[in-house]
Amino acid sequence: MLKEVRAGRVLAAGVLASAALTALVWLLGRRLHGVALLPDQGASWYYWKLPEPTVWTRASAWACYAAHQIAFWWLIHRARTRVGRRTSGLHRVNVVALAVNTGFVALHLLQTQLFYDGLAQDVSIFSSQGSVVLLLVAVLLMENRRRGLFFGRPAPVRREVVAFARRYHGYLFSWAAVYTFWYHPMESTGGHLIGFLYMFLLLLQGSLFLTRAHTNRWWTVTLELAVAVHGTLVAVMNSGPDGMWPMFLFGFLGVFVVTQMHGLGLGRGVRWAFGLAYAGGALAVYALRGDPAGVSAVVRIPAIEYLLVGVLALLLWLGLRAARPARSREPARLEE
């Protein structure tokens, strides 16, 4: 029966459910407005954490995170080792994954109401941001051979590196999503709501492994582009319309123009139209802000992402090279 349930329909229902869950976060988050917090202390300070955490507030966040992470990793391992085939319908493990993630979303809502604190009390804000950046960079590496890295042309990355990333990316992606999900309390600010909607969509995507919906190119590029919406809106909320939001908007859209749109099967004319609209929009926005030279800031995010692709590819290659002697000796040990 599960094979007859189209994963695409489950995906559509999951998107609607994610929106409903975000509305629930907003509704319940209104009960948290009386929580006393310390004054903001700058960019490296995470504002939404208790001034005086207790053993129980810390233990609730870390125990729930660990349980969620281990459960998700176990499901991925079981799917890889026991299922291993992609279908247009659902596997039983997909249903379990959807139920597990939904259950932990409900648990996080309860944990926030009772104890408030997330993982942010004990780890840097940059670790949460960095986990999502690492996810996006890994996608660029994985898709290098299919859509290229620069205007449809692939970067010179060894096939074994890309194959390794594609084979084991689920463990990394689930860590990035689950870690970031438990980093924040389920507050009702605009930035939190946008962020949690994005996390719900990533958890949904992770739950649909080994289905056709999981690799739908339009859906996956939508998830990649969602970070542009999130980053831009959060920048506007934090620094107003005169802040650095154009750098985030056109920075992430620059990655779309240079890389992501070339995996969608678009014609040359459409791609040129996207590229010209992007360039014209960036120039117009910075000109209207009275800072036409500031348009150079839009290259920062793409430059960082492409640099990190190279770093990640190099680290994976070094790791595979270091592990090669051990793998080659393994049969000999077994024979002994």
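First things first, this report covers the structure right here in the doc.

Rules used throughout
Residues numbered from 1 in each chain as written. Predicted model: local features only at pLDDT ≥ 70, side-chain atom pairs only at ≥ 80, totals over all residues. Heavy atoms only, no water. Helix = DSSP H or I, 4+ residues; strand = E, 2+ residues; numbered from the N terminus. Buried < 20%, exposed > 50% of the residue type's maximum accessible area, 1.4 Å probe, protein only. Expected span 1.5 Å × (residues − 1). Core = buried A, V, L, I, M, F, W, Y, C linked by side-chain atoms within 4.5 Å. Contact = heavy atoms within 4.5 Å. 1 Å grid on protein atoms, 1.4 Å probe; cavity = no way out; pocket = protein on both sides within 12 Å on 5 of 7 lines; lining within 4 Å. Points joined across faces, edges and corners; volume = space filled by probe spheres on them. Nonpolar A, V, L, I, M, F, W, Y, C, P; charged D, E, K, R; others polar. Polar contact = N/O pair within 3.5 Å; in protein donor to acceptor, adjacent residues only side chain to side chain.

## What about unusual backbone geometry?
Argument step 1. Phi at Y116 takes a positive value of approximately 70°, unusual for a residue other than glycine.
Argument step 2. Tracing the backbone shows Y116 in the loop between helix 3 (92-115) and helix 4 (125-142).
Argument step 3. Given a relative accessible area of 3%, Y116 falls into the buried group.
Argument step 4. Positive phi, close to 55°, is recorded for F151, a residue that is not glycine.
Argument step 5. Inspection of the secondary structure assignment puts F151 in the loop between helix 5 (144-147) and helix 6 (159-183).

## So, helix 3
Argument step 1. With 24 residues, helix 3 should reach 34 Å at 1.5 Å per residue; the first-to-last C-alpha distance of 34 Å fits that figure.
Argument step 2. Inspection of helix 3 places V93, N94, A97, N101, F104, V105, H108, L109, Q111 and T112 among the buried residues, and these make up the whole buried set.
Argument step 3. Looking at the residues trailing helix 3, positive phi occurs at Y116, about 70°.

## Digging into the nonpolar core
Argument step 1. Counting 72 residues, the largest nonpolar core has L141, F181, W182, M186 and F209 as its most contacted members.
Argument step 2. In this structure F209 touches F72, L75, I76, A79, H91, V93, N94, A97 and H214, once residues within four positions along its chain are discounted.
Argument step 3. Residues F256, V257, A297 and V298 belong to the second largest nonpolar core, which totals 13 residues.

## Description of empty space enclosed by the protein
Argument step 1. Enumeration over the complete set of coordinates arrives at one cavity of 30 Å³ or more.
Argument step 2. Residue lining of the largest cavity: L136, L140, E224, L225, V227, A228, F252, V255, Q260 and E305, and that is the complete set.
Argument step 3. Those elements that provide at least two residues to the lining of the largest cavity are helix 4, helix 8 (217-239) and helix 9 (245-258).
Argument step 4. It is helix 8 that provides the largest number of residues to the lining of the largest cavity, a total of four residues.
Argument step 5. Tallied by class, residues from the lining of the largest cavity come to seven nonpolar, one polar and two charged.

## Topic: helix 8
Argument step 1. For helix 8, built from 23 residues, the straight-helix expectation of 33 Å at 1.5 Å per residue is met to within 8% by its first-to-last C-alpha distance of 34 Å.
Argument step 2. Among all positions in helix 8, only W219, T220, V221, L223, E224, V227, A228, G231, T232 and A235 are buried.
Argument step 3. In this structure, the buried side of helix 8 is in contact with helix 1 (7-29), helix 4, helix 5, helix 7 (190-207) and helix 9.
Argument step 4. Measuring from the backbone nitrogen of W218 back to the side-chain oxygen at the start of helix 8 gives 3.0 Å, which picks out N216 as the cap.

These figures come from the coordinates and say nothing about function on their own.
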